[in-house]
Amino acid sequence: MMNAKERTNTHRKTALIVGVLMLVAYSLIGSGNPEAKILGMLLEAISGLAVIAIAILMFQVFKPYNKKVSLWYIVLKSLEGGLLVVTGILFLSHNTLLLEIYDGIHAGHGYLFAIAALIFNYLLFQTKLIPRWLSVFGVIATTMLILVNLLEVTGIVSELMIFKFPIFLNEIILAIWLIAKGFNPSALEPVYVKTAMK
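Criteria and cut-off values
- Residues numbered from 1 in each chain as written.
- Predicted model: local features only at pLDDT ≥ 70, side-chain atom pairs only at ≥ 80, totals over all residues.
- Heavy atoms only, no water.
- Axes fitted to C-alpha atoms, helices over the stretch in contact; angles between N-to-C directions.
- Helix = DSSP H or I, 4+ residues; strand = E, 2+ residues; numbered from the N terminus.
- Parallel < 35°, antiparallel > 145°, perpendicular 65-115°, else oblique.
- Left-handed = near helix turned anticlockwise from the far one by under 90°.
- Contact = heavy atoms within 4.5 Å.
- Nonpolar A, V, L, I, M, F, W, Y, C, P; charged D, E, K, R; others polar.
- Expected span 1.5 Å × (residues − 1).
- Buried < 20%, exposed > 50% of the residue type's maximum accessible area, 1.4 Å probe, protein only.
- Patch = residues over 30% accessible without salt bridge, like charges linked within 9 Å, V, L, I, M, F, W, Y side chains within 5 Å.
- Areas by Shrake-Rupley, 256 points an atom, 1.4 Å probe, with all protein chains shown as cover.
- Salt bridge = Lys/Arg side-chain N within 4 Å of Asp/Glu carboxyl O.
- Phe/Tyr/Trp six-rings, centres within 6.5 Å; stacked < 30°, edge-to-face > 60°.
- Lys NZ or Arg CZ within 6 Å of the ring centre and 35° of its normal.
- Core = buried A, V, L, I, M, F, W, Y, C linked by side-chain atoms within 4.5 Å.

A. Representation of the packing of helix 4 (residues 96-127) against helix 5 (residues 132-153) within the structure. Running from amino to carboxyl end, helix 4 crosses helix 5 at an angle of 160 degrees, the nearest separation of the two axes being 9 Å. One finds that helix 4 runs roughly antiparallel with respect to helix 5. In this structure, the crossing between helix 4 and helix 5 has a hand that is left-handed.

Structure follows, in structure tokens:
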């Protein structure tokens, strides 16, 4: 069984890796030339694998705090990453039907991302692993994303990129925070002491 120092070092490495993977996932999504099919497929697939890796790493961190919600998080996040891998493969196709499926999956992926992000920020708020202002910002930004997506689908408004920017900004700040600061050590130890006493 790991002691407090070993757990802190392990979680510091986890935070660093998650932060890097978040930046990798964001930098790769949509960064390929639409004409370069192989490159586009690889970028989306790698981004999807990065999302899945983030889910696995964060599930291990979240589980001691809230196992039930953490399970929802890893399931939704793994589906999100899996869809990115699938869309990467479909991106290679020249078949009209498959490209329509690609567009449909991309549209659905947006909602899956938003719901998973909402759960993610709820867990971050509950655990206090990062400053609460950052997780509150994430909840607000995610809620805005869900609302604007619903308004766009119903045709009430056209695409409003300005309301999608906050979630992008939140995740970039979070990634940089995790790389630079890691998780809050004072939030980590009490839950493991409590678990060990059961």
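And the narrative resumes.
B. Geometry of the packing of helix 5 against helix 6 (residues 165-180). In the contact formed by helix 5 and helix 6, the axes pass within 8 Å of each other and the chain directions differ by 150 degrees. Classified by the interaxial angle, the pair formed by helix 5 and helix 6 is roughly antiparallel. Viewed along their axes, helix 5 and helix 6 form a crossing whose handedness is left-handed. Along its contact with helix 5, which presents Trp-133, Leu-134, Phe-137, Gly-138, Ala-141, Thr-142, Met-144 and Leu-145, the element helix 6 presents Pro-166, Ile-167, Leu-169, Asn-170, Ile-173, Leu-174 and Trp-177. Within the contact of helix 5 with helix 6, the residues separate by chemical class into 12 nonpolar, three polar and no charged.

C. Up close: helix 6. Relative to the 22 Å expected for 16 residues at 1.5 Å per residue, helix 6 spans 23 Å between its end C-alpha atoms, a close match to the ideal helical length. For helix 6, the full list of buried residues reads Pro-166, Ile-167, Asn-170, Glu-171, Ile-172, Leu-174, Ala-175 and Leu-178.

D. Focus on a nonpolar patch on the surface. On the surface, a cluster of nonpolar side chains totalling about 270 Å² of accessible area is made up of Ile-38, Leu-42 and Ile-46. Mapped onto the fold, Leu-42 is located in helix 2 (residues 37-62).

E. A look at the environment of Val-69. Along the polypeptide, Val-69 turns up in helix 3 (residues 67-90). Once you skip the residues sitting within four places of it in the chain, Val-69 turns out to touch Ile-119, Tyr-122 and Leu-123.

F. Quick look at unusual backbone geometry. If you check the backbone angles, Lys-128 has positive phi at about 60 degrees while not being a glycine. Mapped onto the secondary structure, Lys-128 falls in the loop between helix 4 and helix 5. Relative accessible area serves as the criterion here: at 43%, Lys-128 is assigned to the partly exposed category.

G. Molecular detail of the packing of aromatic side chains. Enumeration according to the criterion identifies four aromatic pairs in this entry. Three or more aromatic residues joined by ring pairs make a cluster, and in this case those are Phe-62, Tyr-73 and Phe-120. Directly above the aromatic system of Phe-125 lies the positively charged group of Arg-132, at a separation of 3.9 Å from the ring centroid.

H. Representation of the nonpolar core within the structure. Within the largest apolar cluster, 32 residues are counted, with the highest numbers of intra-cluster contacts made by Met-58 and Tyr-73. Of all the secondary structure elements, the ones that give two or more residues to this core are helix 1 (4-28), helix 2, helix 3, helix 4, helix 6 and helix 7 (185-197). The biggest single contributor to this core is helix 2, with eight residues. Apart from residues no more than four positions distant in its own chain, Tyr-73 is found in contact with Ile-54, Ala-55, Met-58, Phe-59, Phe-62, Ala-116, Ile-119, Phe-120 and Leu-123. Residues Ala-141, Leu-145, Val-148 and Ile-167 belong to the second largest nonpolar core, which totals seven residues.

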